[in-house]
Amino acid sequence: MPKTKPMITVLSEMPAESEFAEKAPSACGGCSGGTCGAFGIRAGSEKDVVIRNLLIFAIMGLGMLLAAYLIVKLLNLVTGN
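Everything numeric here is computed off the predicted structure, so don't read it as measured data.

Calculation notes
- In this convention, every chain numbers its residues from 1, walking through the sequence in written order.
- Note on the predicted model: pLDDT of at least 70 is required for a residue's local features to be given, and 80 or more for side-chain atom pairs to be given and counted; whole-chain, interface and lining totals, by contrast, use all residues.
- Side-chain numbers here rest on the full set of heavy atoms in the structure, without hydrogens or water.
- A run of H or I in DSSP counts as a helix once it spans at least four residues, and a run of E counts as a strand once it spans at least two, with each numbered from the N terminus.
- Think of it in three bands: with a 1.4 Å probe and only protein chains considered, a residue is buried below 20% of the maximum accessible area for its type, exposed above 50%, and partly exposed in between.
- For the area figures, the Shrake-Rupley method with a 1.4 Å probe applies, and any residue is considered shielded solely by the protein chains shown.
- The definition of a polar contact used here is a pair of N or O atoms within 3.5 Å, where within protein one atom must be able to donate a hydrogen and the other to accept one, and adjacent residues in sequence count solely through side-chain atom pairs.
- UniProt positions are given in the numbering used here, feature names are shortened, and annotations may be inferred rather than shown by experiment.
- Take the number of residues in a helix, subtract one, and multiply by 1.5 Å to get its expected span.
- Patches in this entry comprise residues that are over 30% relatively accessible and not in a salt bridge; like charges within 9 Å are linked, as are nonpolar side chains (Val, Leu, Ile, Met, Phe, Trp, Tyr) within 5 Å.
- We count a salt bridge whenever a side-chain nitrogen from Lys or Arg sits within 4 Å of a carboxyl oxygen from Asp or Glu.

Turning to the overall build of the protein chain, a few remarks are in order. When helices and strands are counted, the protein chain shows two helices and zero strands. The burial tally for the protein chain puts 4% of its 81 residues in the buried class. For the protein chain, the accessible surface area stands at approximately 7,900 Å², while carbon and sulfur atoms represent 68% of it.

Printed below as a string of structure tokens:
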């Protein structure tokens, strides 16, 4: 009986017109290019929504920096440095 080589499965390249391309969401709910909704901002967002989201992220960033600073100060106080 001839020996057969074991088949090793590999990832196949998906053609551009695959089954996933047909099921892609429409433009209003989809994600294409730079409209993926980074920082919660989607294409067509109102100006006040954009400003609110950016301010929220800025405040969270400042809060994390302040918390890190206070933790370092507290650790220095505890260790006596």
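Now that the structure has been shown, we can carry on.
What follows concerns the environment of T79. With respect to the element layout, T79 can be found in helix α2 (residues 47-79). By relative accessible area, T79 is classed as exposed at 55%. A polar atom in the side chain of T79 sits 2.9 Å from the backbone oxygen of L75. In terms of polar contacts, T79 uses its side chain to reach the backbone carbonyl oxygen of N76, at 3.5 Å.

The positions UniProt marks with the feature "transmembrane region" (unreviewed entry) are residues 54-72. Between the end C-alpha atoms of residues 54-72 the distance is 27 Å, and the span holds 100% helix and 0% strand.

Let us now look at α2. Within an α-helix, residues lying three or four positions from one another point in the same direction, as the helix has 3.6 residues per turn. In a regular helix each residue adds 1.5 Å, so 33 residues correspond to 48 Å; α2 covers 48 Å between its end C-alpha atoms and thus fits that length. One or two steps after α2, the chain reaches G80, where phi turns positive at roughly 85 degrees.

Here the focus is a nonpolar patch on the surface. On the surface, I56, F57, M60 and M64 cluster together to form a nonpolar patch covering roughly 390 Å² of accessible area. Here F57 lies in helix α2.

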